[in-house]
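Listed below, chain by chain, are the residues.
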Amino acid sequence: MTGAFSVAGWVAIVFIFLIFLFTFRETAPVLNLPAMKAFFLARPPVWQPTSDIPKLSMIPIILGTLKATVVGLLFACPVGVAAALFSSEFAPPKLREVIKPVIELLAGIPSVVMGFFALIILATWLQDAFGFVYRLNAINAGLALGFALVPIVYTISEDGLAAVPRSYREASYALGASRLQTAMKVVLPAAAPAVFASFVLAFGRAIGETMILLMAGGNAAITSLTLLDPLRTLSATIAAEMGEVVVGGEHYGALFFMGTLLFVITFISNSFGQWVIRNMQSRMQGGAA
Amino acid sequence: MTTKIEVRDFNFFYGEAKVLHGIEFDIPEKQVTALIGPSGCGKSTFLRSINRMNDIIAGARAEGRIAIDGKDLYAPGIDVVSLRRRIGMVFQKSNPFPKSIFENIAYGLRIGGVKDRRVLDETVERSLKRAALWDEVKDRLGRSALALSGGQQQRLCIARALAVDPDVLLMDEPASALDPIATQKIEELVYELKDNYTIVIVTHNMQQAARVSDRTAFFMLGKLVEYNETRTIFMNPGQKLTEDYITGRFG
Amino acid sequence: MKGRPANRMSDRIAIAALGASVLLILAILVVIIGNIAIHGARTVTWEFITQPPRDGLMAGGIFPAIVGTAALVILMSIAAVPLGVATAIYLHEYTPAEGLTLAWRRFRLSKGRAGRKRLFFRAMSALLANVTRSAVANLAGVPSIVFGLFGLGFFIQFVGRAIDRATQPPGEVVWGQGSLLWAALTLALLTLPTVIVATEEALRTIPQDLREASLALGATQWETIRRVVLPGALPGILTGAILGISRGAGEVAPILFTGAAYYLPFLPHRVTDQFMHLGYHVLILSTQSPDVEATKPLLYGTVFVLLALTFLLNLAGVIIRVKTRSRR
């Protein structure tokens, strides 16, 4: 039976490899210098693959991805860490038992539903409240993305905070520190790697998120630095345009290139996050600085 | 001999279970008082009641009076946080923070609002000297405290407790996790410290109590069985139970 | 050294601010679910659930989408759960528990040919386990749209076309296009890490001495797993499987180009059929409806059903987890 199970062990490795291979394989039409130049250096930076002369600059799309990610993280990181701190250091145990599943419920909302909410409901509220020119913009999409990211930041940060040994807290109380001082000056710094890892993993999730940004971002691949304009992200572009490309053409290759880019970025960022989490253990157990 | 800590009819409960029964005695100033007794006799619980560390345990309840310099610690309205600043505690297993040696010692000062770098430097040096650790670490104050040996870490924790200048030092089996040489260093330290601090030390090692303390309290099953000068307890105990324990008739 | 005592008021404000973040999250949750529940409940009638759409999808029900989602999820589970459980069993039961660094050190310090050979293979096994765990973690981080691309590029263009070339008359496309099968396999890859991680956790809760007792009685490793470990770990495995399934049920990006369709006049009855899907329906209705106001009730109804389905699955998982924890 050992043999049968060993085969299972290989599946994950094989498929990760295959995913990279087959995504990369279809980029063949654009694996050349002129195409790369067009992707990154074209002036003006415009993405219009379906016009008579196709313009394939990825700059507006990359910019859109960054804008949405930044807004999402700006919301999710402080809120997630604050909730984790409260849950781990100040909430009575019974309350903590309730908070965790509630936040996990938020994680259980499918991203297409979150996208729906942002598109139909949130956008209207924001526009009524702030008078945005464009109903669908980076703030709308980024905020909805942030809602989806909060559970990631919360869960991993909270695990890190709870893992800080009790003896540290006791030593701090014995020195006459209040609960708040202990939480902020001893526990949180000790859990800093976990909190950092949660940010990194949230970043990876934000970069790859498709539905929310496709539905709530406004679908305009424009190069602009303001958060009040609509945007397009890498994943949303793939989702929106893959249905209508000619297989094997330049547009097709460009979309697969975006996919490969997404794969590589999230691979690196997730590996980094995992590495931080793994190394955290030895620090806590008294490994030398 | 002035009394530093006064204990009157002190009872302690974990939920429904009563673990300390009517403890009553006086702890003198600037001397070492040892609490001895078999495991589970309540000596650690009593020690932690002095700086109200038991407050953080759910279901813990105290009745009676423990007074330092005449002020009852369990009176309503007492600020536990400032109380703990006046009393230092060293734990059984050393627990330095995952910070540098300097920051460990400076921690107590920082949370008290001290920011002046000069004051911090001076206090850190003074505390490390008092804990007989300065010479060993003065060149690496910025390194992590976790890189020190077990004995050094424990002396660091003592220095950390001393940095906020407490009147009373509570030590809960401070050498039980250490090798004989490190233990000896700790014992010498305790002997020196009593010139300036009132020390209450819990130990399960009777020879240690005999070596280090001026007065000894023998606890058993949550009751204070006998309390006297250390010489008397060990040479000429008044209670049969005490004598049985000293001579090793039971653990 | 007497310092300033901590300012009680500012402390309380700070803690309240931290607590407010929890309230904020709760508020967001309540608003989203509440809004959908209130507006969607009106549309969700028995007819809605059991009738197919009519009037160019402006009216009628979403029965085919429910069927399509269910079929997809079932196929996905058949692929993902056994494979995920098997991988976790491999990682936890058949690889050295001491980890690579220790295993390698023991090999380097060993003497004697037979012992060295055994320890070498042990170290290699530990290395493979590390790489596998790493691959699983990375699989978990792959963006869902990339899974969709993979489904298109590998399952459909590569495997599907190859099957067509081998089994169909030339030019005939049966397997080389979007279908339940390929979409299910793509989703299975996506949910695999969730199942693996949850199963490993469940296996970890079985104490080592139970295994040792079984082996000491003369059972083989497989027998021990089958008779002692798995029955005990079953609740945890079930929870993990349900968690993975509920996540897979809500994913849309991987099925965009692997078989989902907006309108089909028939229900899928072969694995090579395309299918309608609740999440996909929500996407299209939201972004490509010619008259947003008119389709809003339909849209809300579909979202309601999708959300209800996901939450029911989640709830089932939580109930199992709570029930087994109280049993211990």
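About the thresholds
Residues numbered from 1 in each chain as written. Chains lettered and ligands numbered in written order. Predicted model: local features only at pLDDT ≥ 70, side-chain atom pairs only at ≥ 80, totals over all residues. Helix = DSSP H or I, 4+ residues; strand = E, 2+ residues; numbered from the N terminus. Buried ≥ 20, exposed ≤ 12 C-beta atoms within 10 Å, placed from the backbone. Contact = placed C-beta atoms within 7 Å. Nonpolar A, V, L, I, M, F, W, Y, C, P; charged D, E, K, R; others polar. Core = buried A, V, L, I, M, F, W, Y, C linked by C-beta atoms within 7 Å. Pairing = 2+ DSSP bridges. Axes fitted to C-alpha atoms, helices over the stretch in contact; angles between N-to-C directions. Left-handed = near helix turned anticlockwise from the far one by under 90°.

Student: I'd like a description of the overall build of chain A, backed by residues and values.
Tutor: In terms of helices and strands, chain A carries twelve helices and two strands. When its helices and strands are written in sequence order, chain A yields α-α-β-β-α-α-α-α-α-α-α-α-α-α. Taking the principal axes of its C-alpha atoms as reference, chain A extends roughly 75 × 60 × 35 Å. The buried share of chain A, taken over its 289 residues, is 54%. Nonlocal contacts in chain A, meaning residues at least 24 apart in sequence, comprise 75% of its contacts between residues at least 6 apart.

Student: Describe the interface of chain C and chain A, listing the residues and the values that go with them.
Tutor: On the side of chain A, 64 residues touch chain C, which itself brings 62 residues to the contact. Among the elements that line the side of chain C that touches chain A, the one with the most residues is helix 1 (residues 8-43) of chain C, at 14 residues. Its residues placed into classes, the side of chain C that touches chain A shows 45 nonpolar, 16 polar and one charged.

Student: Please set out the nonpolar core residue by residue, giving values where relevant.
Tutor: Counting residues in each nonpolar core, the largest one holds 261 residues, and the members touching the most others are Ala118(A), Ala144(A), Val153(A), Ala202(A) and Ile212(A). No other element matches the 17 residues that helix 7 (residues 180-204) of chain C contributes to this core. Setting aside residues no more than four positions away along its own chain, Ala144(A) makes contact with Met114(A), Gly115(A), Phe117(A), Ala118(A), Leu122(A), Ile212(A) and Ala216(A).

Student: Any details on the sheet that holds strand 2 (residues 17-28) of chain B? Residues and values, ideally.
Tutor: Residue and element names in this part refer to chain B. In space, the four strands of this open sheet follow the order 2-1-4-5, with antiparallel pairing throughout. Only two strands of the sheet have a single partner each, and these edge strands are strand 2 and strand 5 (71-72). The pairing of strand 4 (residues 60-68) with strand 5 spans two bridges and is antiparallel. If you follow Ala67 over to strand 5, its bridge partner there is Asp72. Along the sheet face, helix 1 (residues 43-50) touches strand 1 (3-14), strand 2 and strand 4 and points at about 65° away from the line of strand 2.

Student: Please provide a residue-by-residue account of the packing of helix 3 (residues 63-93) of chain C against helix 7 of chain C, values included.
Tutor: Residues and elements named next belong to chain C. In contact at an axis separation of 6 Å, helix 3 and helix 7 are set at 40° when each is read in the N-to-C sense. Seen along the crossing, helix 3 lies across helix 7 with a hand that is right-handed. Here the contact of helix 3 with helix 7 is built from residues that sort into 22 nonpolar, five polar and three charged.

Student: Break down the environment of Gly22(B) for me, with residues and values.
Tutor: Residues and elements named next belong to chain B. Mapped onto the elements of the fold, Gly22 is located in strand 2. We classify Gly22 as partly exposed; it has 14 C-beta atoms within 10 Å. On a C-alpha basis, the gap between Gly22 and Arg65 in space is 10.0 Å, while along the polypeptide they are 43 residues apart. Other than its neighbours up to four places away in sequence, Gly22 contacts Asp9 and Asn11.

Student: Report on the pairing of strand 9 (residues 215-220) of chain B, specifying residues and quantitative values.
Tutor: Residues and elements named next belong to chain B. The element strand 9 is extensively covered by neighbouring structure, given that six of its six residues are classed as buried. Burial along strand 9 is two-sided: the residues Arg215, Ala217 and Phe219 and Thr216, Phe218 and Met220 are all buried. Alignment of strand 3 (residues 32-36) against strand 9, held across four bridges, turns out to be parallel. Along strand 9, the bridge assignment pairs Leu35 with Ala217. Of the strand pairs in this sheet, strand 9 and strand 10 (residues 223-229) are connected by six bridges, and their pairing is antiparallel.

Student: Break down unusual backbone geometry for me, with residues and values.
Tutor: A cis amide bond links Arg43(A) to the next residue, Pro44(A), at an omega of 0°. Along the polypeptide, Pro44(A) turns up in the loop between helix 2 (33-41) and strand 1 (47-48). Even without being a glycine, Glu173(B) presents a positive backbone phi close to 45°. Examined against the element boundaries, Glu173(B) turns out to sit in the loop between strand 7 (168-172) and helix 7 (180-193).

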